[in-house]
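# Architecture and fold: a report
The residues making up each chain are set out below.
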Amino acid sequence: MTSTQTFVIVGGGLAGAKAAEALRDRGFDGRILIIGAEPVRPYERPPLSKNYLTREAGVDSVFVHEDGFYARHAIELRTATTVTGLDPAAHTMTLSDGTTLRYDKALLATGSEPRRLTVPGAKLPGVHYLRTLADADALSAAADTATSVVIIGAGWIGAEVGASLRRRGLPVALLDTATVPLEQVLGREVGEVYRALHARNGVALHLGDSVVALHGDRHVEAVVTTSGQRLAADLVVVGIGATPRTALAADAGLAVDNGVLTDEFLQTSHPDVYAAGDIARAWHPLFEARLRVEHWANALNQGATAAANMLGVNQPYARIPYFFSDQYDLGMEYAGHCPDWDAVVFRGDPASGEFLAFWLRDQVVCAAMNANVWDVNDDLQTLVRQRARISPDRLTDREVPLTELVAEATRAAGAATQ
């Protein structure tokens, strides 16, 4: 029986694309529309700061689906279009071209946008942000003629862009108020690994300092810091965080608080509107808290879960948060959710570039990371999921197989539920 329902996906990124794919895979044969603000079909963002920026990968590698996928699956893709109004009670939305759509169920996957620098000179030509494919193209082109680069912010975007531009041979300075890169997420111990990594690869590190102004006449020429330094720069990249695009949801009367609030099924405060990806602050049944995760895996998996629940499957989104990063010769995967911890311990020597790290709270593994050690992240996710309580001595002892710790944690978790 053919469905007469219309499902509209607001947002043409990874979450929206995977939701549309999942709807078709699950047999939904009604009308599916993806409405995307950008003029291109959905693509993945991680390559933009990595191998696309280094030009080791071409543009075809970034797209979620090959050309023609959406037409073959009868998915309507409206690019260069935004939703300007949403009326959940009437089940309608207004588009930027003035048309009105009626929907049966909607998925909001509008993503996030870079936080803007507000110091004097922040709008000078030569100041770049990295969020979109167009941003990446503009930054890459600017790098062709740049002679000095300053990156403001040593989070994921700043650190990865710094590594990519160094690989292209540019002189790079990295400026951040933290004492080590990635300190807010990984802490000082693991952040020190990245400080040493960037220093070893020739990045000039200006940590514990901040920008007060950008100077230049018709183009940026220098970054002035709180400590009084004047850093030459004809290319500035700003990576100081992102904010979720929640205005549409808020204006529609949906519950919003640092993201669109959802239950564990990714359902918003209106039963026919769902949210996924960067904007979703979803209840996580394991961590018993609302989480908003701005990483590739979250968009990949939440989109598919939202699609299932739009079809009435009632599948909780309970995946362990996961992200990865590649900088120079150091690749890593991280699993868990650990906003605070009381210890970080290592299995292996961090200075060697091959190690595991565990974040502990009361000796419970709340997050773990593998660096240049592969095929172990599933085990690390199991330790986090089982809330394994393991002594630091056993975690750090390479003579104790990781699989043995996983088995012990699984047995302990099973006994606790009996």
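Relevant structure appears above.
### A word on the overall build of the chain
Within the chain, the secondary structure is distributed over 10 helices and 26 strands. Taken over the C-alpha trace, the chain has a radius of gyration of 23 Å; the compact-globule value for 418 residues is 22 Å, and the two agree within 12%. With the C-alpha coordinates aligned to their principal axes, the bounding extent of the chain is approximately 65 × 65 × 35 Å. Taken over 418 residues, the chain has a buried fraction of 54%. If you take every contact in the chain between residues at least 6 apart in sequence, the share linking residues at least 24 apart comes to 60%. Carbon and sulfur atoms provide 48% of the accessible area of the chain, an area that totals close to 17,900 Å². Mean positive and mean negative side-chain charge positions of the chain (37 and 50 charges, respectively) differ by 2 Å.

### Here we look at the sheet that holds strand β24 (residues 343–347)
Taken in spatial order, the 5 strands line up as β22-β23-β26-β25-β24 in an open sheet, and their pairing is antiparallel. Only two strands of the sheet have a single neighbouring strand rather than two, namely β22 (322–327) and β24. Direction aside, neighbouring strands of the sheet carry axes that sit 20° apart on average. The sheet contact formed by strand β23 (residues 330–336) and strand β26 (residues 364–371) spans 5 bridges and is antiparallel. Following the sheet pairing, M332 is matched in β26 by A371.

### Section: the pairing of β23
With respect to burial, β23 is a largely interior element, 7 of its 7 residues being buried. Sheet topology note: the β22/β23 ladder contains 6 bridges and is antiparallel. Directly across from F324, in β23, lies its bridge partner E333. Hairpin connection from β22 to β23: 2 residues lie between these consecutive antiparallel strands, with Y328 at a positive phi of about 55°.

### Structural notes on the state of the cysteines
Overall, the coordinates contain 1 disulfide when judged by the stated rule. For C338, the disulfide goes to C366, at an S-S distance of 2.0 Å. In this pair, C338 is assigned in the loop between β23 and β24 and C366 in strand β26, connecting sequence segments 28 residues apart. Like C338, the residue C366 is buried in the burial classification.

### Things to note about the environment of E294
By the element assignment, E294 lies in the loop between β21 (289–291) and α7 (296–310). As a C-alpha pair, E294 and P244 span 50 residues in sequence and 9.0 Å in three-dimensional space. Residue contacts for E294: discarding those within four places in its chain leaves S112, A242 and D278.

### Digging into unusual backbone geometry
At A74, a residue that is not glycine, the phi angle is positive and equals roughly 55°. You can see A74 is positioned in the loop between α2 (69–72) and β3 (75–78). For D375, which is not a glycine, the phi torsion comes out positive at approximately 65°. Mapped onto the secondary structure, D375 falls in the loop between β26 and α8 (377–385).

### Overview of the nonpolar core
Ranked by size, the top nonpolar core spans 46 residues in total, and within it V190, Y194, Y334, W359 and M369 carry the most contacts. Per-element tally for this core: the top contributor is helix α5 (residues 183–200), with 5 residues. Contact partners of M369, with chain neighbours within four places excluded, come to V190, Y194, M332, E333, Y334, F355, L356, A357, W359 and L380. Residues L14, L23, I32 and L266 belong to the second largest nonpolar core, which totals 27 residues.

### Some thoughts on the pattern of salt bridges
When charged atoms on two side chains of opposite charge get close, those side chains can pair. Under the counting rule described, the total for this entry stands at 18 salt bridges. A salt bridge links D144 to R168; the shortest N-O distance between them is 2.6 Å. Of this pair, D144 sits in helix α3 (residues 133–145) while R168 is found in the loop between α4 (156–167) and β11 (172–176), placing the two residues 24 residues apart along the sequence. Notably, a salt bridge pairs R394 with E404, separated by 3.3 Å at the nearest N-O pair. Here E404 lies in helix α10 (residues 402–417) and R394 lies in helix α9 (residues 392–396), a separation of 10 residues in the sequence.

### Considering α7
Compared with an ideal rise of 1.5 Å per residue, which puts 15 residues at 21 Å, α7 spans 21 Å between its outermost C-alpha atoms and is within 8% of the ideal. Counting buried positions over the 15 residues of α7 gives 12, a clear majority of the element. Within α7 the residues assigned to the buried category are A297, N298, A299, N301, Q302, G303, T305, A306, A307, A308, N309 and M310. Downstream of α7 by a residue or two, G312 has a phi angle that is positive, lying close to 90°.

The rules behind these values
Residues numbered from 1 in each chain as written. Predicted model: local features only at pLDDT ≥ 70, side-chain atom pairs only at ≥ 80, totals over all residues. Heavy atoms only, no water. Helix = DSSP H or I, 4+ residues; strand = E, 2+ residues; numbered from the N terminus. Rg over C-alpha atoms; globule rule 2.2 N^0.38 Å. Buried < 20%, exposed > 50% of the residue type's maximum accessible area, 1.4 Å probe, protein only. Contact = heavy atoms within 4.5 Å. Areas by Shrake-Rupley, 256 points an atom, 1.4 Å probe, with all protein chains shown as cover. Lys, Arg positive; Asp, Glu negative; His and termini not counted. Charge placed at Lys NZ, Arg CZ, Asp CG, Glu CD. Pairing = 2+ DSSP bridges. Axes fitted to C-alpha atoms, helices over the stretch in contact; angles between N-to-C directions. Disulfide = S-S within 2.5 Å. Core = buried A, V, L, I, M, F, W, Y, C linked by side-chain atoms within 4.5 Å. Salt bridge = Lys/Arg side-chain N within 4 Å of Asp/Glu carboxyl O. Expected span 1.5 Å × (residues − 1).

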